[in-house]
Amino acid sequence: MNCPKCDKTLEPDRHGQLIFDGQVWCEDCHRYDDRLLERRSFQDLETWAQRLCRAFGQEPVHLRRDPDYLPDPRKYWDGATFLLGEAFHEPRCLMLHPPGHQLMSLCHELAHLFTGQDHTEAWARNFATLVAWVKMRL
Ligand SMILES: [Zn+2]
Ligand SMILES: [Zn+2]
């Protein structure tokens, strides 16, 4: 997979350095719309999750909070990066941590459930498709 603008080879596993928006871009060539990175309420994210599942013909996905939820983002810092969310295939649900209460993270996790895959190329393309869908409806 290559950046559509500069042709650099992209590693979906290093997703922190990529931009998923319609296509998969390197971070030098594209930026997220600020509205995709805004902090949103849990309820707002639940509504977006429902809309996305419906639009993409997917079974509903349950959004969970961390049972030991702490509003302090430091809890979710692993020394190098923030833990934004986690997807669970069985039962089908996902958990978004406070630093990941944004549409970009929701799409990232949903793409894991929709494709059933880890950070693969198929996952990356699905993530980019979901982001573009949301962006058109903001
Ligand atoms: Zn590029
Ligand atoms: Zn992931």
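Structure report, in brief. The structure presented is a predicted model; accordingly, all values stated were derived computationally and were not measured. (Residues numbered from 1 in each chain as written. Chains lettered and ligands numbered in written order. Predicted model: local features only at pLDDT ≥ 70, side-chain atom pairs only at ≥ 80, totals over all residues. Heavy atoms only, no water.)

## Describing the packing of aromatic side chains
Rules: Aromatic rings from Phe, Tyr and Trp, taking only the six-membered ring of Trp, are treated as a pair when their centres fall within 6.5 Å; an angle between ring planes under 30 degrees marks them as stacked, one over 60 as edge-to-face, and anything in between as tilted. A positively charged side chain is recorded as over a ring if its NZ (Lys) or CZ (Arg) lies within 6 Å of the ring centre. The angle to the ring normal must also be within 35 degrees.
For the coordinates displayed, the defined rule picks out five aromatic pairs. Within the aromatic cluster, the residues linked to one another by ring pairs are Phe20, Trp123 and Phe127. The aromatic ring of Trp48 is capped on one face by Arg51, whose charged end is 4.5 Å from the ring centroid. Note that Arg65 overlies the ring of Phe42, its terminal NZ or CZ placed 4.3 Å from the centroid.

## Let's talk about the environment of Asp66
Defined as follows: Here a strand is any run of E in DSSP of at least two residues, a helix any run of H or I of at least four, and the numbering for each starts at the N terminus. In what follows, residue pairs with any heavy atoms lying within 4.5 Å of each other are defined as contacts.
Positionally, Asp66 belongs in the loop between strand E3 (62-64) and strand E4 (85-88). C-alpha separation for the pair Asp66 and Pro98, spaced 32 residues apart in sequence, amounts to 9.1 Å. In this structure Asp66 touches Lys75, Tyr76, Met95 and His97, once residues within four positions along its chain are discounted.

## A look at the coordination of the zinc ion (ligand 2)
For clarity, the threshold we go by: Keep in mind that water is not among the atoms, so a site may look incomplete; donors are the N, O and S atoms within 2.8 Å of the metal, or 3.2 Å for Na, K and Ca. Summary of the burial criterion: residues with accessible area below 20% of their type's maximum are buried, those above 50% are exposed, and those between are partly exposed, where the area comes from a 1.4 Å probe applied to protein chains only.
On the protein side, the zinc ion (ligand 2) has His108 (NE2), His112 (NE2) and His119 (NE2) as donor atoms, found 2.0 to 2.1 Å from it. Here the donor residues of the zinc ion (ligand 2) share one chain and are spaced in sequence as H-x3-H-x6-H. Remark: His119 occurs in the loop between helix H3 (103-115) and helix H4 (121-136) and His108 occurs in helix H3; sequence separation between them is eleven residues. For His108, a relative accessible area of 9% translates into the label buried. Looking at His119, the relative accessible area reads 21%, which means it is partly exposed.

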